[in-house]
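Read off the chains here:
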Amino acid sequence: FKILAIESSCDDTACAIIRSDGMVLGEKVHSQKEHVHFGGVVPEIAARAHMHHLPFLVNSLLDEAKVSWCQIDAIAATCGPGLIGGVIVGSSFAKGLALSKKIPFIGINHIEAHALTVRLPDISNKKIEFPYLLFLTSGGHCQCIYVDDVGKYQHLGGTIDDAAGEAFDKVAKMLGLPWPGGPALEALAKEGNENAFIMPHPLYGRDGCDFSFSGLKTAVANLLEPYKDLSCLPRSLAADIAASFQKTITDTIINRLENAIQMAPKTKILATAGGVAANQYLKFHLMRLASQYNMEFIAPPIRYCTDNAVMIGWTAIEILKKTITNNFIPNDIDLIPRPRWPLSEMKSRFEH
Ligand code: ATP
Ligand code: FE
């Protein structure tokens, strides 16, 4: 079967057509640039931009993929968690299409989609089997999930304040770098000395695998106190701060993940997702951690780590493959979009 998938939970308007064997037949993404002037995503602007771009994007996707409406078997869309305006726009648009084409609508949890992305046949020659440990790290999320099966997820720990991407973005902004700051900070850090500054390691050495990054941000703010006018900040000093910050946040993440590995001793795979997974320094240390514990490390290509519609379609396929064997095809047309939607609630789908 073929699924048309839509993602609109943040600032990327995305749609894709994916076949039940995981083959991606077409994909379109519009990354909203409107937010650059504001130094962060403005929810109202994002929702309006999704509304503006979706109809054209979906039409051109079908045209270019040479797929007609009668070949689409179901429509999937993100129903949460995320910026609720955009989620309402995308899911309502998808529901309207599903009703008019008389095909099922499948509401997808965005975090579940990140968690199942590593199983996409497109990213590995062999199928990744359950269970595995997933470290999800993006602008809005930072959590460690034990992925036992489709619909069976255990939240091992998460951030108690900022997400890692948020910390990268805020520190980058303090250093005068453009938004989104993560990639710019990584580039600047290459010029610096990572041992130049000792910064706090929040929660380091404590039990569990929760994360905390706001103290790190304050430490950088204190270092920059004498440079209220950023034009007086020497580039070499900015680079040392960037490198020290990147090292500290990575050290903390690795320490927390070591606990997560102990909490899920059966796992032989460490996987990652989310935009921060683009960071080469972090990725190197994640890879090293995995090898220390004889685990396989899997990082999807960056286009599948950041928000995308392929993962939404793939999650619908994983769900359909399970539910169809139970002689039950879901239609989530009544599902109400949610700004928060814990993964622990996902198993209810299979409890019929
Ligand atoms: P969501 O949290 O809803 O999944 P998002 O748009 O915030 O969505 P992503 O698109 O997955 O998240 O990732 C964007 C984040 O990743 C930004 O915070 C960005 O700074 C960070 N990021 C991207 N590249 C790098 C990098 N090389 N180093 C560090 N952080 C990075
Ligand atoms: Fe995301």
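Before going into details, it helps to say that this report is about the structure given with it. (Residues numbered from 1 in each chain as written. Chains lettered and ligands numbered in written order. Predicted model: local features only at pLDDT ≥ 70, side-chain atom pairs only at ≥ 80, totals over all residues.)

Quick word on the site of ligand 1
Lining the immediate environment of ligand 1, one finds 23 residues, of which G139, G140, G165, G182 and G275 sit closest. Of all elements in the fold, only α4 (164-174) and α5 (181-189) reach the threshold of two or more residues within the shell around ligand 1. The element best represented in the shell around ligand 1 is α5, accounting for four residues. Of the residues contributing to the shell around ligand 1, the split by class is six nonpolar, 13 polar and four charged. (Near = placed C-beta within 6 Å. Helix = DSSP H or I, 4+ residues; strand = E, 2+ residues; numbered from the N terminus. Nonpolar A, V, L, I, M, F, W, Y, C, P; charged D, E, K, R; others polar.)

Section: the pairing of strand β4 (residues 74-80)
In terms of residue burial, β4 counts as a mostly covered element, since seven of its seven residues are buried. Direction of pairing for strand β1 (residues 2-7) relative to β4: parallel, over a ladder of four bridges. Looking across to β4, one finds that A5 is bridged to A76. Of the pairings in the sheet, the one linking β4 to strand β5 (residues 105-109) comprises five bridges and is parallel in character. Across the sheet, residue A76 finds its bridge partner in β5, namely I106. Tracing the backbone out of β4, into helix α2 (residues 84-101) and back to the parallel element β5 gives a crossover that is right-handed. (Buried ≥ 20, exposed ≤ 12 C-beta atoms within 10 Å, placed from the backbone. Pairing = 2+ DSSP bridges. Right-handed = clockwise from strand over helix to strand, strands pointing away.)

Let's talk about the sheet that holds strand β9 (residues 269-273)
Whether parallel or antiparallel, the strands of a sheet pair through hydrogen bonds between backbone atoms. Strand order in the open sheet formed by five strands is β8-β7-β6-β9-β10, and the pairing between neighbours is mixed. Looking at strand neighbours, the two that pair on one side only are β8 (152-158) and β10 (296-298), the edges of this open sheet. The mean angle between the axes of side-by-side strands here comes to 20 degrees, regardless of whether they run parallel or antiparallel. Alignment of strand β6 (residues 132-137) against strand β7 (residues 142-149), held across six bridges, turns out to be antiparallel. From the neighbouring strand, L134 faces β7, where its bridge partner is I145. (Axes fitted to C-alpha atoms, helices over the stretch in contact; angles between N-to-C directions.)

Structural notes on the nonpolar core
Counting residues in hydrophobic clusters, the biggest one holds 103 residues, and the most contacted among them are A5, A76, L134, A242, I312 and A316. Sort the elements by how many residues they give to this core and helix α7 (residues 235-263) lands first, with ten residues. Apart from the residues lying within four places of it in its own chain, the contact partners of A242 are L175, L185, L188, A189 and G192. (Core = buried A, V, L, I, M, F, W, Y, C linked by C-beta atoms within 7 Å. Contact = placed C-beta atoms within 7 Å.)

As for the environment of Q280
Following the sequence through the fold, Q280 ends up in helix α8 (residues 280-292). Along the primary structure Q280 and N222 are separated by 58 residues, whereas in three dimensions their C-alpha atoms are 27 Å apart.

Observations regarding the packing of helix α6 (residues 214-223) against α7
Interaxial distance between α6 and α7 falls to 11 Å at its minimum, and their mutual angle equals 165 degrees. In terms of axis orientation, α6 runs roughly antiparallel to α7. In terms of crossing hand, the pair formed by α6 and α7 is right-handed. Together, L216, V220 and L223 of α6 and I241, F245, T248 and I249 of α7 make up the contact between the two elements. (Parallel < 35°, antiparallel > 145°, perpendicular 65-115°, else oblique. Left-handed = near helix turned anticlockwise from the far one by under 90°.)

None of this, on its own, says anything about what the molecule does.
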